Amino acid sequence: MVNVPNAVTAARTVGSLACAAVAILVGSEVWLAVALAVYWIGDIADGALARRLGQETTLGAVFDIVCDRACGACFFLGWAALHPETALVVVLFLAEFMVVDFLLSFSFYLFPINSPNYFGAVDRRVFLLNWSKVAKSLNSGLIAVLLLTDVTLWVPAAIATVLVVVKGYSLLRTSRLPRRRDADCVVTGGLFAVAAP
């Protein structure tokens, strides 16, 4: 648990939550945008560091998934507090992100992989729909950007609805895959690696 990527995950989570709290207390969209930026930049950095330093761990993946939900929820709930008219979009998105995507993200543990980033070794379609670079940026990023730019509310609502359908389909597809979690064999970097006894 004590490594550089997890320290970055902890720092970006504390920083993002603190900025979101300030945003809600003072009613500031700017602070809320800063909270989102701290979350996104830190999320990119912790993953890149884990891969570069060879410090990818199952526990680190779980920690990252949980912290992503905390940061995302604070941004979106903060946005709804400042803009009550966006509550439907926020509820739709949080249902997808906090429940369906949360379960889907944890499904990596049922297979011999270290994190959802390697789900392509299990099911390519589910990987492309959920953890490819494009899919990751579209998940929370697109709706957040649309809310920040004051686009008509039906657009992010429609996107949130599509995300619920895509994540639901992916979760159903994943639930039908044969499961195999062998403690001595995990996928890292897209290759099988045998763990030391």
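Being a predicted model, the structure only gives us computed values, none of them experimental.

Undergrad: What's the story with the UniProt feature "transmembrane region" (unreviewed entry) in the protein in this structure? I'm lost.
TA: UniProt annotation of "transmembrane region" (unreviewed entry) refers to residues 20-41, 88-114 and 153-172 when read in the numbering used here. The straight-line gap between the two end C-alpha atoms of residues 20-41 is 15 Å; of that span, 91% is helix and 0% is strand. Note that residues 153-172 is 95% helix and 0% strand, and that its end C-alpha atoms are spaced 29 Å apart.

Undergrad: When you look at the packing of helix 4 (residues 87-106) against helix 7 (residues 154-175) in this model, what are you seeing that I'm missing?
TA: The axes of two packed helices give the description: the angle between them and the distance between them. In the contact formed by helix 4 and helix 7, the axes pass within 9 Å of each other and the chain directions differ by 15 degrees. Considering the angle they form, helix 4 stands roughly parallel to helix 7. Note on packing geometry: the crossing formed by helix 4 with helix 7 is left-handed. In this structure, helix 4 contributes Val89, Leu92, Phe93, Glu96, Val100, Asp101, Leu103 and Leu104 to the contact, and helix 7 contributes Pro156, Ala157, Ala160, Thr161, Leu163, Val164, Lys167, Gly168, Ser170, Leu171 and Thr174. Of the residues assigned to the contact of helix 4 with helix 7, the class counts are twelve nonpolar, four polar and three charged.

Undergrad: I would appreciate a short explanation of the packing of aromatic side chains in the present structure.
TA: To describe a pair of aromatic rings, you give the distance between the ring centres and the angle between the ring planes. A complete count under the given rule lists eight aromatic pairs for this structure. Ring plane angle 20 degrees and centroid distance 5.2 Å describe the contact between phenylalanine 93 and phenylalanine 97, whose orientation is recorded as stacked. Placement of both phenylalanine 93 and phenylalanine 97 in helix 4 is noted, with a separation of four residues, approximately one turn of the helix. The same class applies to phenylalanine 93 and to phenylalanine 97, which are both buried. Residue placement shows arginine 69 over the ring face of phenylalanine 97; its charged tip is 4.2 Å from the ring centre.

The rules we used
- Residues numbered from 1 in each chain as written.
- Predicted model: local features only at pLDDT ≥ 70, side-chain atom pairs only at ≥ 80, totals over all residues.
- Heavy atoms only, no water.
- UniProt positions renumbered as here; feature names shortened; annotations may be inferred.
- Helix = DSSP H or I, 4+ residues; strand = E, 2+ residues; numbered from the N terminus.
- Axes fitted to C-alpha atoms, helices over the stretch in contact; angles between N-to-C directions.
- Parallel < 35°, antiparallel > 145°, perpendicular 65-115°, else oblique.
- Left-handed = near helix turned anticlockwise from the far one by under 90°.
- Contact = heavy atoms within 4.5 Å.
- Nonpolar A, V, L, I, M, F, W, Y, C, P; charged D, E, K, R; others polar.
- Phe/Tyr/Trp six-rings, centres within 6.5 Å; stacked < 30°, edge-to-face > 60°.
- Buried < 20%, exposed > 50% of the residue type's maximum accessible area, 1.4 Å probe, protein only.
- Lys NZ or Arg CZ within 6 Å of the ring centre and 35° of its normal.

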